[in-house]
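# Observations on chain architecture
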Amino acid sequence: MIEARQVTLQYQDDTLALQDVNLSIKPGDLVYITGPSGSGKTSLLKLFMGIEYPTSGILTVMGQTVKKGETAGIRRLRRSIGPVFQEFKLIKGRTVMENVMTGMRFLGMRKKDIREAAAYALDRVGLGHKKTSLVENLSWGEAQRVAIARAVARKPSIILADEPTGNLDHDNAVNIMEILKSFRDSNTAVIITTHATHLIGQEADAMYIRIDNGHLTINRRA
Amino acid sequence: MKSFFRNFGYYLSETWKIIRLNLASNIVSVLGTALILFLFGLVMAGSGIGSRLVAMLNEEAEISAYFDEEVTVKEAQALVDYTEKLDGVRSARLVSEEEARDRMKEILGEEASILELFEDNPFEAYMEIRIYMDSMEAVMKRVQDLEGISYVRDNREVLDQVERLTGALRIMGLLMTLAVGFTTFIIISHMIRQGIYNNREQINTLRLLGAPNGFIGIPYVIAGLLLTIVGGALASLGISVLIVKAYSGMQGTLPFIPLPPRTELTGYINLLIISVSFLLGFFGSLFGLSSIRNDGSGR
Ligand SMILES: Nc1ncnc2c1ncn2[C@@H]1O[C@H](COP(=O)(O)OP(=O)(O)O)[C@@H](O)[C@H]1O
Ligand SMILES: [Mg+2]
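Cut-offs used in this document
Residues numbered from 1 in each chain as written. Chains lettered and ligands numbered in written order. Predicted model: local features only at pLDDT ≥ 70, side-chain atom pairs only at ≥ 80, totals over all residues. Heavy atoms only, no water. Helix = DSSP H or I, 4+ residues; strand = E, 2+ residues; numbered from the N terminus. Rg over C-alpha atoms; globule rule 2.2 N^0.38 Å. Buried < 20%, exposed > 50% of the residue type's maximum accessible area, 1.4 Å probe, protein only. Contact = heavy atoms within 4.5 Å. Areas by Shrake-Rupley, 256 points an atom, 1.4 Å probe, with all protein chains shown as cover. Phe/Tyr/Trp six-rings, centres within 6.5 Å; stacked < 30°, edge-to-face > 60°. Lys NZ or Arg CZ within 6 Å of the ring centre and 35° of its normal. Expected span 1.5 Å × (residues − 1). Arc of directions from axis to C-beta. Donors = N, O, S within 2.8 Å, 3.2 Å for Na, K, Ca; no water. Pairing = 2+ DSSP bridges. Axes fitted to C-alpha atoms, helices over the stretch in contact; angles between N-to-C directions. Salt bridge = Lys/Arg side-chain N within 4 Å of Asp/Glu carboxyl O. Near = heavy atom within 4 Å. Polar contact = N/O pair within 3.5 Å; in protein donor to acceptor, adjacent residues only side chain to side chain. Domains from an automatic or database assignment. Buried area = accessible area lost by both parts, 1.4 Å probe.

### Description of the overall build of chain A
- Within chain A one finds 6 helices and 10 strands.
- Rg of the C-alpha trace for chain A: 17 Å, near the compact-globule value of 17 Å for 222 residues, within the 12% margin.
- With respect to the three principal axes, the spread of C-alpha positions in chain A is 45 × 40 × 35 Å.
- Out of the 222 residues belonging to chain A, those deemed buried represent 55%.
- Within chain A, residue pairs in contact and separated by at least 24 positions form 66% of the contacts whose partners lie at least 6 positions apart.
- Summing over all exposed atoms, chain A offers an accessible surface of approximately 9,600 Å²; the carbon and sulfur share of this is 48%.

### Some thoughts on the packing of aromatic side chains
- Inspection of the entire model under this criterion finds 10 aromatic pairs over all chains.
- Consider the rings of A:Tyr32 and A:Tyr208, whose centres lie 5.4 Å apart with planes at 20°: the pair is stacked. Residue A:Tyr32 is found in strand 3 (residues 30-34), and its partner A:Tyr208 is found in strand 9 (residues 207-212); the two are separated by 176 residues along the sequence.
- Accessibility expressed as a relative area gives 10% for A:Tyr208, which makes it buried.
- Geometrically, the ring pair formed by B:Phe185 and B:Phe287 is tilted, given 5.2 Å between the ring centres and 40° between the ring planes. One end of the pair, B:Phe185, is in helix 7 (residues 156-198); the other, B:Phe287, is in helix 10 (residues 262-293), with 102 residues separating them in the sequence.
- B:Phe185 gets classed as partly exposed once you look at its relative accessible area, which sits at 22%.
- A residue is classified by how much of its surface remains accessible, and B:Phe287, at 41% relative accessible area, is partly exposed.
- Ring pairing ties together the aromatic residues A:Phe106, B:Tyr10, B:Tyr11 and B:Phe215, which thus form one cluster.
- Sitting over the face of the ring of A:Phe85, A:Lys89 holds its NZ or CZ atom 5.7 Å from the ring centroid.
- The cationic tip of B:Arg200 hangs over the ring face of B:Tyr197; the distance from NZ or CZ to the ring centre is 4.0 Å.

### Some remarks on helix 2 (residues 8-21) of chain B
Residues and elements named next belong to chain B.
- Taking 1.5 Å per residue as the helical rise, helix 2 with its 14 residues ought to reach 20 Å, and the 20 Å between its terminal C-alpha atoms agrees with that figure.
- Within the sequence span of helix 2, burial applies to Tyr10, Tyr11, Glu14, Thr15, Ile18 and Ile19. Each buried residue of helix 2 lies within a common arc of 165° when the element is viewed along its axis, so the set occupies one face.

### Some remarks on the coordination of the magnesium ion (ligand 2)
Residue and element names in this part refer to chain A.
- At 2.0 to 2.3 Å from the magnesium ion (ligand 2) lie its protein donor atoms, namely Thr42 (OG1) and Gln86 (OE1). Here Thr42, found in helix 1 (residues 41-48), pairs with Gln86, found in the loop between strand 6 (81-84) and helix 3 (96-102); they are 44 residues apart in sequence, far enough to count as distant.
- On the accessibility criterion, Gln86 (34% relative accessible area) is partly exposed.

### So, the sheet that holds strand 2 (residues 89-95) of chain B
All names here are of chain B.
- Reading across the sheet, the 4 strands line up as 2-3-1-4 and stay open at both edges, with antiparallel pairing between neighbours. The open sheet terminates on both sides in strands that have one partner only, identified here as strand 2 and strand 4 (149-154). Neighbouring strand axes in the sheet, compared pairwise and without regard to direction, differ in orientation by 20° on average.
- Here 5 bridges tie strand 1 (residues 62-67) to strand 4, and the two strands are oriented antiparallel to one another. Following the sheet pairing, Ile63 is matched in strand 4 by Asp154.
- Across the sheet, helix 4 (residues 73-84) lies against strand 1, strand 2, strand 3 (126-131) and strand 4, angled at about 170° from strand 2, the strand it touches most.
- Across the sheet, helix 6 (residues 136-144) lies against strand 1, strand 2, strand 3 and strand 4, angled at about 160° from strand 4, the strand it touches most.

### Points about the pattern of salt bridges
All names here are of chain A.
- Overall, the coordinates contain 16 salt bridges over all chains when judged by the stated rule.
- Between Lys112 and Glu116 there is a salt bridge, with the nearest N and O atoms lying 3.7 Å from each other. With Lys112 and Glu116 both in helix 4 (residues 111-124) and 4 residues apart, this pair spans about one turn of that helix.
- Ionic contacts of the salt-bridge type, sharing partners, join the residues Glu3, Arg5 and Lys26 into one network.

### Looking at unusual backbone geometry
Residue and element names in this part refer to chain A.
- For Lys89, which is not glycine, the phi torsion reads 55° and is therefore positive.
- Tracing the sequence through the fold places Lys89 in the loop between strand 6 and helix 3.
- Relative accessible area serves as the criterion here: at 22%, Lys89 is assigned to the partly exposed category.
- If you check the backbone angles, Asn187 has positive phi at about 65° while not being a glycine.
- Under the relative-accessibility criterion, Asn187 is labelled partly exposed at 49%.

### Concerning the site of ligand 1
Residue and element names in this part refer to chain A.
- Lining the immediate environment of ligand 1, one finds Tyr11, Asp13, Thr15, Ala17, Pro36, Ser37, Gly38, Ser39, Gly40, Lys41, Thr42 and Ser43.
- Separating a nitrogen atom of ligand 1 from a side-chain N or O atom of Tyr11 is a distance of 3.4 Å.
- Contacts to ligand 1 include Gly38, whose backbone N or O atom sits 2.6 Å from an oxygen atom.
- Here the element with the most residues in the shell around ligand 1 is helix 1; it accounts for 3 residues.

### Considering the domain arrangement of chain B
- The domain boundaries assigned to chain B delineate domain 1 (2-57 + 160-290) and domain 2 (62-154).
- Summarising the inter-unit geometry, the C-alpha centres of domain 1 of chain B and domain 2 of chain B are found 50 Å apart.

### Side note on the interface of chain A and chain B
- Taken together, the contact pairs 27 residues of chain A with 21 residues of chain B.
- When the two sides are added together, the surface that chain A and chain B hide from each other amounts to roughly 2,200 Å², 53% of it contributed by carbon and sulfur.
- Here chain A and chain B share 2 salt bridges between them.
- Across the pair B:Glu201 and A:Lys92 runs a salt bridge, and its minimum N-O distance is 3.0 Å.
- In this structure, the connection of chain A to chain B is made through 11 residue pairs in polar contact (both at pLDDT 80 or more).

This is the structure:
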C-alpha cells in the first residue's frame, strides 16, 4: 500500500528532514510514528500524500509513484486518503457540517450518503450538537475533532493523522484514538503521529516508527 | 456532468460566497462591464441602422432627369413613357412644377413660408426614374443622350455619404467589439484572479483533499458568468430605453429616415449584448482560472 525505498527528503533550504526511509505499510496496518518535535513526522506524512516529493529514492502509495510530474495521479490518490492536518485546515466561513461534507463532494457519492456519513462521523467525535456552528467559533479541541470527522467520514483507504490528539483532553484523546483504530477493520491503513507516548496502545500487531533527526527506527512491537 | 448537477447547490452557494467576499469591487466591475457593453450596443445599433439605410437606398436608387426648356408637357410625357421601357428601369414618372414645389414645402416644414417670397414657381418639372442599382451607369447614359433631356442627376452622392458613414460606423463597431472584448475579458479574469487569491487557503485545502480542478474552478466560472451577464443585462436595459426614446423623438423630426422596426432593432442588440457577455464571461473566467494552477503549494 505504501512502499518506500531509500527515500530522502531535503527541503529547499537544505534541511535534511528524512534520510534513507525504507518501509512497507499494508492495508489494515496500524502505524504509530513518534519522535520529538522537528524530527520529521509531518514531513513523512507530507511525502505519503504527495505534498512533498522524495529528493531521492522511490515512494509509491497505492500504486501511485510520488514524484514530480504526477500531479493528476497524486490528486486522485488523495481522494483515497483521510488526512488530519496538524493545523486542521478547515474551511473558514463554513459550518462544521459543511466542512465535513465538502471532503466527500467530489468522490462520486450521493448527496444523501454524504449527509449521512458526515452526520455519523460528527456524532462519533462528539460534535453532533455543533453541526451548524461556523468552524471559526470552535475551540481548538473541537476544531481538531471536526478535522478528524472530515478525514474519516469519506471512508479512506489510508488515514494520515498528524498529532490528532494534540489539543484534546485525556478522555477525548482516548476516544479519538479508538475511532481512528476502528478503521483497521475495513482494511484501512491507519497512520498516526504523536509525541504523547502514553496514548500509544500496546497492540501486538502495530508498527512503531521512531524518528530522530530524520532517521527512522522501525519495530513491529513497542 | 452528473456530478455537476449533484453539486449544483454547493456550486451556487460557493459562487455567492466568492461574489460576496469582494462585493464592492465586484459591483464596480459589473457597472464597468455594463457601461462598456452599453457603448458597444450603441455603436452596433448605429451601424445596424446605417446598413439598413444603405440597403434601402441601394434598392431605391433613383435619378432625376431635367428637360430642355423648349420641351412641352406632351413631349415630356412621351420621354417618360419611352424611358419607362428601358432595361434596368423600375419606373419613371413625370413630376410637375407644382408637385416639385409641394415636395420642397413638405421637406422645409415650418420654414416653407420662404417659398411664398417667389412670385413664380422656381421649380421645374422633371422625370423621376427609379432604377436597379446595378444598371445605374447604363440607364444614366441612355437617358442623358435622349433628345430633349438637358441633364441628369443621381442620388449617388447621398448614397455615397450614407455608405461612408455606415462604413465608418462598421469600423467603429469592429474596433468597439475588440475593445469591449479585451476590456471585459481583463475585468472578468482579474475579478476571478482576485477571488482565487482571496480564497487561496480554501483552494489549497481542497487540493490536499484531492478535489479535481473542475470542482474547485466551477464556482469561479459561474461567478464570472453571472457578473458579466448582469452587466450585459444592465447594458441591454439601457440600450432598450434609449432606443425607445430615440424612436419617439426621431419620428417627429426626421420622418424620412427609414428606421428598422423598433422591436427588431432592440431584439437584435439585446441578443448581441447577451451573447457577447456570455462568451466573455465564460472565457474570461476560464482565463482567470489558469492562475489556480501556478500558485505553488499543495501541488
Ligand atoms: N517546508 C519546509 N522547508 C524547510 N524546512 C522544513 C519545512 N518543513 C519542515 N521543515 C524542517 O524539517 C524538519 C522536520 O519537520 P517536521 O516534519 O515538521 O517535524 P515534526 O512534524 O516531527 O515536528 C524540521 O527541522 C523543520 O524545521
Ligand atoms: Mg509535525
